[in-house]
Amino acid sequence: MTGPWQALADTEANPFAGAANVTFGGTAWTRDISHGEMIRSGIDQTLAISPCDIRHLYQGKDPAATDPYNLLPWRLGLLTQTNSTC
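Below is a short write-up of the structure. (Residues numbered from 1 in each chain as written. Predicted model: local features only at pLDDT ≥ 70, side-chain atom pairs only at ≥ 80, totals over all residues. Heavy atoms only, no water.)

Turning our eyes to something else, we now look at the nonpolar core. In globular proteins that are soluble, nonpolar side chains generally tend to be buried together. By size, the foremost hydrophobic cluster in this structure holds five residues: Ala17, Val22, Trp29, Tyr58 and Leu79. Excluding residues that lie within four positions of it along the chain, Val22 makes contacts with Ala17, Ile33 and Leu79. (Core = buried A, V, L, I, M, F, W, Y, C linked by side-chain atoms within 4.5 Å. Buried < 20%, exposed > 50% of the residue type's maximum accessible area, 1.4 Å probe, protein only. Contact = heavy atoms within 4.5 Å.)

Even without glycine at this site, Ala9 takes up a positive phi of about 45°. Even without glycine at this site, Leu47 takes up a positive phi of about 55°. When you line up the elements, Leu47 lands in the loop between β1 (36-38) and β2 (55-60). (Helix = DSSP H or I, 4+ residues; strand = E, 2+ residues; numbered from the N terminus.)

What follows covers the pattern of salt bridges. On inspection of all chains with the given rule, the structure shows three salt bridges. With a closest N to O distance of 3.1 Å, Lys61 and Asp32 form a salt bridge. Of this pair, Lys61 sits in the loop between β2 and β3 (75-80) while Asp32 sits in the segment before β1, and the two are 29 residues apart along the sequence. For Asp32, a relative accessible area of 29% translates into the label partly exposed. Between Arg40 and Glu37 there is a salt bridge whose closest N-O contact spans 2.9 Å. The exposure class assigned to Arg40 is partly exposed, which follows from its relative accessible area of 28%. (Salt bridge = Lys/Arg side-chain N within 4 Å of Asp/Glu carboxyl O.)

What follows is the structure, encoded as structure tokens:
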């Protein structure tokens, strides 16, 4: 883990997942795609992720929520890749 690091998908204009590249099947229930976990393609210890079917479980919240962070009404969402070239 030594050497230089290069930022990827680290801005609102070029996010891993955000308003610039996520669509909802209906009304968008969140604009906050917070930390989450990739869904692995296997059940062994290799932790493989399929590049043809990327899925990411994340937390989001109602954009109108203004409570303190620990009281925000977080909900789970599932990002599903729709632009696979596989």
